[in-house]
Amino acid sequence: MQSFFIFMKQIVLLFIILLFVFTSFSQDERGFQIWNKNEVIIRPWEKISIDVAEKIHYSPEHSAADVKYAELYFSHKPLLWFKYGAGFRITKLNTYPGWIQENRPMLFADFLKSYKQFSFKYSNRIEYRIFETDINHFRYRQEFLIEFPSLADWGMRFYTSEESFFKLNNGGLHLARFYGGLSVVQKEHFKLKMFYALEKLELVKNWRTTDIVGLNLSLII
């Protein structure tokens with residue numbers, strides 16, 4: 001147990017060093033954000049779960065949060081390889097100088113597969129984005145995730161994923177992210193992940209690049 005806590009301190013120290021590196025050396029034309037997500041997953045029945053989460057996208061450049069949101073998901077996993085559900089998200093977007101709100105109902109379906117010690121997930125989500133500024137639209141989001149074999153008894157494992165977002169009002173692909181991360185701890189009632197992501201966001205006719213480092217904490221009840 002003592003060696004586990006020493007390892008955790010080393011991981012946290014590495015994460016802090018990465019924050020300083022990206023803050024100091026990110027190019028001017030590239031954005032940089034720090035993400036933090038905290039969630040509680042309640043499982044009242046074996047195949048039913050309720051997820052409550054909050055997330056912040058912090059911008060060191062502005063010394064403020066760019067995005068803040070809270071969400072609620074209900075999901076059902078009738079089969080080992082299939083999970084579906086619905087959710088709702090309330091998002092605050094910092095437009096500098098002010099904030100606008102987005103409300104987002106969502107439907108999703110995930111397809112799961114394990115092969116030897118690898119895990120695969122293909123996620124699909126349909127969402128309707130409702131803005132105060134009346135630019136409402138449907139959007140489709142897909143993600144493909146690969147988790148590699150565990151490196152330790154407490155579930156430490158590397159993972160990689162890509163996700164892309166398509167506006168369904170003839171806007172097409174406008175946002176894509178590529179992730180590389182480490183599930184530091186993955187136990188029955190507790191998960192901790194840290195990651196780096198490269199984001200490409202379409203703005204008018206140009207694509208903005210953003211470097212992201214993040215930390216996700218999950219408690220399972």
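Structural data are supplied above this passage.
Note that the coordinates shown come from a computational prediction; the quantities given were computed from them, not determined experimentally.

### As for the overall build of the protein chain
- What the protein chain contains, in helices and strands, is 1 helix and 11 strands.
- Helices and strands appear in the protein chain in the N-to-C order α-β-β-β-β-β-β-β-β-β-β-β.
- Counting every position in the protein chain, which comprises 221 residues, the buried fraction comes to 39%.
- A separation threshold of at least 6 residues defines the contact pool for the protein chain, and within that pool the share at least 24 residues apart is 44%.
- A total of about 13,100 Å² of accessible surface is found on the protein chain, and carbon and sulfur atoms cover 64% of it.

### Quick notes on the pattern of salt bridges
- Applying the stated criterion across every chain yields a total of 13 salt bridges.
- Note that D211 and R30 form a salt bridge whose closest N and O atoms lie 2.9 Å from each other. Of the two residues, D211 is situated in strand β11 (residues 206–220) and R30 in the loop between α1 (2–25) and β1 (31–45); the sequence distance between them amounts to 181 residues.
- With a closest N to O distance of 3.1 Å, E102 and R129 form a salt bridge. Taken as a pair, E102 in strand β5 (residues 99–115) and R129 in strand β6 (residues 118–131) lie far apart in primary sequence, 27 residues in all. Pair check on accessibility: E102 and R129 agree, each one buried.
- Through salt bridges with shared partners, one network takes in E102, R104, R125, E127, R129 and R139.

### Details of the sheet that holds strand β2 (residues 48–59)
- Spatially, β1-β2-β3-β4-β5-β6-β7-β8-β9-β10-β11 is the arrangement adopted by the 11 strands of the closed barrel, whose pairing is mixed. Going from strand to strand, the sheet's axes swing by 20 degrees on average, the running direction of each strand aside.
- As defined by bridge partners, β2 adjoins strand β3 (residues 64–79) across 12 bridges and the pair is classed as antiparallel. Directly across from I48, in β3, lies its bridge partner H76.

### Observations concerning the side chain of R125
- As for its placement among the helices and strands, R125 is situated in strand β6.
- Here R125 is in contact with Y73, R89, R104, M106, L107, F108, R139, Y140, R141 and F165, once residues within four sequence places are set aside.

### Focus: the packing of aromatic side chains
- Counted by the stated rule, this structure contains 11 aromatic pairs.
- Between F82 and F111, the ring centres sit 5.4 Å apart and the planes meet at 45 degrees, which makes this aromatic pair tilted. Residue F82 is located in strand β4 (residues 82–94), and its partner F111 is located in strand β5; the two are separated by 29 residues in the primary sequence.
- One aromatic cluster is present, formed by W81, F82, Y84 and F111 through successive ring pairs.
- Just above the ring of Y159 sits the side chain of K193; from NZ or CZ to the centre is 5.1 Å.

### Focus: the pairing of strand β8 (residues 157–167)
- As paired strands, strand β7 (residues 137–147) and β8 are joined by 9 bridges and run antiparallel to one another. Looking at β8, one finds that F144 is bridged to E162.
- Relative to strand β9 (residues 172–186), β8 runs antiparallel, the two sharing 11 bridges. Bridge pairing links R157 to S183 in β9.
- Between the end of β8 and the start of β9, which pair antiparallel, lie 4 residues, with N170 showing a positive phi angle near 70 degrees.

### Observations regarding the side chain of K55
- Examined against the element boundaries, K55 turns out to sit in strand β2.
- If sequence neighbours within four positions are ignored, K55 has contacts with W35, N36, K37, V67, K68 and Y69.

### Here we look at the environment of P149
- With respect to the helices and strands, P149 occurs in the loop between β7 and β8.
- For P149, a relative accessible area of 23% gives the class partly exposed.
- Excluding its chain neighbours within four sequence positions, the residues that come into contact with P149 are Q117, F118, M156 and R157.

Conventions we followed
- Starting from 1, residues in each chain are numbered consecutively following that chain's sequence as written.
- The model is predicted, so local features are restricted to residues of pLDDT at least 70 and side-chain atom pairs to those at 80 or more, both for listing and for counting; the totals for chains, interfaces and linings are taken over all residues.
- Side-chain metrics in this entry use all non-hydrogen atoms of the structure; hydrogen atoms and water are not considered.
- The secondary structure listing takes helices from DSSP runs of H or I that are at least 4 residues long and strands from runs of E that are at least 2 residues long, numbered from the N terminus.
- Partly exposed residues are those whose accessible area sits between 20% and 50% of the maximum for their type, while under 20% is buried and over 50% is exposed, using a 1.4 Å probe and protein chains only.
- Should any heavy atoms of two residues lie within 4.5 Å, those residues are counted as being in contact.
- Here, Shrake-Rupley sampling with a 1.4 Å probe gives the accessible areas, and only protein chains in the shown set may cover a residue.
- What counts as a salt bridge is simple: a side-chain nitrogen of Lys or Arg found within 4 Å of a carboxyl oxygen of Asp or Glu.
- Pairing between strands is defined by DSSP: at least two bridges between the two strands are required.
- Fitting a line to C-alpha atoms yields each axis, with helices limited to the stretch in contact; the angle taken between N-to-C directions then spans 0 to 180 degrees.
- Between the rings of Phe, Tyr and Trp (Trp by its six-membered ring), a pair exists once the centres lie within 6.5 Å; its type follows the angle of the planes, with under 30 degrees stacked, over 60 edge-to-face, and the other angles tilted.
- Here, over-ring charges are defined by two tests on the NZ atom of lysine or the CZ atom of arginine: distance to the ring centre within 6 Å, and angle to the ring normal within 35 degrees.

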